[in-house]
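# Residue-level structural notes
Chain by chain, the residues run as shown.
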Amino acid sequence: MKPSLFLLSCAMLSPAINANELPPILDFYPLCSPHTIDTANDKIVYDIDPDLLESSSDGVLSHRDAYIQQAFVEIQRKAAAAGADAIILDRLSVGGIERSIDLQDDSSRVKSNTKQIHVITTAQYVTFCDDTQLSKDPTPYNSEGKSVSYTQTTVQLTMPNEGNVLKQAQKHQAPDALITTDSAYGIHIGDSVDVLQQALGPHSIQLQLDNGATVYGYGRSLWFVVKDNRIEMITQDLGLLNGHGQNQIALSENYDGDNWVIANQVRQGDGLTSVKAHLALKKQGDVYSVAGKNSRLILTFEDYNESLDNAAVSRLNSFAIMPLTVTDEHHVKFGNFDNINIATLLTLAFKQAYTLQPQQLINQIQLTDNGPKVLVNSNVLLGFDRQGVVNSIKITESMLGTQTMSEFNAVLASYQLPTIKSQLLERYPNAEDNFDNIMLTKGKVMLSINFDSYDDDAQLIDFTLRF
């Protein structure tokens, strides 16, 4: 056995070997309420042992349990040093990274592969009462790192060949914008994500849905819904991002044009009568459909009053391709960002560097002029560098759905931000007043705040901080 494997095996066995020395991780709560002497937050990163990877063709998370046990030993040793009798795990997040980098610059070519397990925990170090019996109530996570509802997730990050994804997307030769009853731009219902990305290039946005599906957006209005690694639906109007949200994405010459064509005849803007002459349309509520073998093409029309004297004309506005039966509604599932103190960042007095974890990268706007952004919620975007370190924050009006001004102001209040211009100038007295904008530059820090008017009581509409 090689030394690296031997050490890992020892780490896995050590909880049993040292059971009398290390505080146990409890599977059940004590009958008598224990005393919490400390609450510890740990993030432990392991580079996967190459010998383990050679012995398995599965992803990095196939080695999850081995590295969890290794992390537990480290936690137990810290608890023992703190004088704890036992440990209660309140939080356990395990992520796997498989990241490849292939960069070309003027001096050299750099290739690198990173395969890691990240173990993030919150643990109570406790001491027992005189009664050390355990109840039948399970703790949030047991000594095997499992909860009552246990799921396994891996996030693969493939770094682009060029540092600027936007430039790479613009250079990509897009396929012809042909639409059929089961395909768009050459991508068919049932195709894999690999086929999608090879054909269409870097996506502009990716979103995780609460039904387990992932959405890949191209440009501002071409959406591919993926489930179990297969294309489930293609649409121009997914209804997730509002107009303001779509404007956070850089325009794409490849996919934001109106050059798509159906049956070599029908184009966006064609009148309903003309479309009916080429397609066997069936009216379904407010939309029309064309049935295929296993999917259907949905067409929506919009009425336009082209003159005061004539009746409105219905013209083709958008398309969607979906299975014959679709019942799922689409809602974004956001990651947990409790480890990032946004309010502290906004004071400009921050010292801690925050590194985004794999499970926090599920919702990203990839194509922006200043690099990718992660959606924290419908109002907050975080920018990050190639190492995942947060380097910017943007707070703006809702990018998903409708939101009243009072609701937006409640969001600002939750981050301890004033809502009007005069109050923000008091908070940042050295800022430059540019009427409907104030700006502050301090070393590497740049702050820009936009308002809805020039007035002193103008409403904040977006706040951007880069550092």
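Here the structure is a predicted model, which means the values were calculated and not measured.

Thresholds, definitions, all that
- Residues numbered from 1 in each chain as written.
- Predicted model: local features only at pLDDT ≥ 70, side-chain atom pairs only at ≥ 80, totals over all residues.
- Heavy atoms only, no water.
- Helix = DSSP H or I, 4+ residues; strand = E, 2+ residues; numbered from the N terminus.
- Buried < 20%, exposed > 50% of the residue type's maximum accessible area, 1.4 Å probe, protein only.
- 1 Å grid on protein atoms, 1.4 Å probe; cavity = no way out; pocket = protein on both sides within 12 Å on 5 of 7 lines; lining within 4 Å.
- Points joined across faces, edges and corners; volume = space filled by probe spheres on them.
- Nonpolar A, V, L, I, M, F, W, Y, C, P; charged D, E, K, R; others polar.
- Disulfide = S-S within 2.5 Å.
- Salt bridge = Lys/Arg side-chain N within 4 Å of Asp/Glu carboxyl O.
- Contact = heavy atoms within 4.5 Å.
- Patch = residues over 30% accessible without salt bridge, like charges linked within 9 Å, V, L, I, M, F, W, Y side chains within 5 Å.
- Areas by Shrake-Rupley, 256 points an atom, 1.4 Å probe, with all protein chains shown as cover.
- Lys, Arg positive; Asp, Glu negative; His and termini not counted.
- Charge placed at Lys NZ, Arg CZ, Asp CG, Glu CD.
- Expected span 1.5 Å × (residues − 1).

On the secondary structure map, threonine 402 appears in the loop between strand E23 (390-396) and helix H9 (405-414). The exposure class of threonine 402 is exposed, given its relative accessible area of 81%. Separated by 161 residues in the primary sequence, threonine 402 and leucine 241 have C-alpha atoms spaced 10.0 Å apart.

So, about empty space enclosed by the protein. With the rule as written, the count across this model stands at four cavities of 30 Å³ or more. The space that makes up the largest cavity amounts to roughly 60 Å³. Leu166, Ala169, Gln170, Leu251, Ser252, Glu253, Asn254 and Leu367 together form the lining of the largest cavity. In terms of residue class, the lining of the largest cavity is built from four nonpolar, three polar and one charged.

So, on to unusual backbone geometry. Even without being a glycine, alanine 263 presents a positive backbone phi close to 55°. Its location among the elements puts alanine 263 in the loop between strand E14 (261-262) and strand E15 (266-267). You can call alanine 263 partly exposed: its relative accessible area is 41%. Not every positive phi belongs to a glycine, and glutamine 416 is a case in point at roughly 60°. Following the sequence through the fold, glutamine 416 ends up in the loop between H9 and helix H10 (421-427). Glutamine 416 sits in the exposed class, given a relative accessible area of 57%.

Glancing now at the state of the cysteines. Evaluation of the coordinates by the stated rule reveals one disulfide. Cysteine 32 shares a disulfide with cysteine 129; S-S distance 2.2 Å. Of note, the bridge from cysteine 32 to cysteine 129 carries an S-S torsion of about -85° and is left-handed in sense. Of this pair, cysteine 32 sits in the loop between strand E1 (28-30) and strand E2 (35-47) while cysteine 129 sits in the loop between strand E4 (109-127) and strand E5 (134-138), and the two are 97 residues apart along the sequence.

So, on to the pattern of salt bridges. Pairs can form between side chains of opposite charge whenever their charged atoms are close. The tally for this structure, following the rule as stated, stands at three salt bridges. Close ionic contact of lysine 78 with aspartate 42 constitutes a salt bridge, the shortest N to O distance being 2.6 Å. On the criterion of sequence distance, the pair formed by lysine 78 in helix H3 (residues 64-81) and aspartate 42 in strand E2 is long-range, its members being 36 residues apart. The class for lysine 78 is partly exposed, based on a relative accessible area of 40%. For aspartate 42, a relative accessible area of 10% gives the class buried. For lysine 421, the salt bridge is made with aspartate 433, and the minimal N-O distance between the two is 2.9 Å.

For asparagine 409, the location among the structural elements is in helix H9. The contact partners of asparagine 409, leaving out residues within four places of it in the chain, are Thr419 and Gln459.

It is worth spelling out a negative patch on the surface at this point. A cluster of acidic residues, Asp452, Asp455, Asp456 and Asp457, forms a negative patch at the surface. Residue position: aspartate 452 is located in the loop between strand E26 (445-451) and strand E27 (460-466).

Before going further, it helps to examine H3. Relative to the 26 Å expected for 18 residues at 1.5 Å per residue, H3 spans 26 Å between its end C-alpha atoms, a close match to the ideal helical length. All buried positions along H3 are accounted for by Arg64, Ala66, Tyr67, Ile68, Gln69, Gln70, Ala71, Phe72, Val73, Ile75, Gln76 and Ala79. Count one or two residues on from H3 and you reach glycine 83, which has phi positive near 85°.

Right, let's get into the layout of surface pockets. In this model, the second largest pocket occupies a volume close to 270 Å³. As for the second largest pocket, its lining consists of 16 residues, and the residues nearest its centre are Gln248, Thr368, Asp369, Asn370 and Lys394. Broken down by secondary-structure element, the contributors of at least two residues to the lining of the second largest pocket are E23 and E27. No other element matches E23, which puts three residues into the lining of the second largest pocket. Looking at the lining of the second largest pocket, its residues break down into five nonpolar, six polar and five charged.

The values reported here are purely geometric and, on their own, carry no functional implication.
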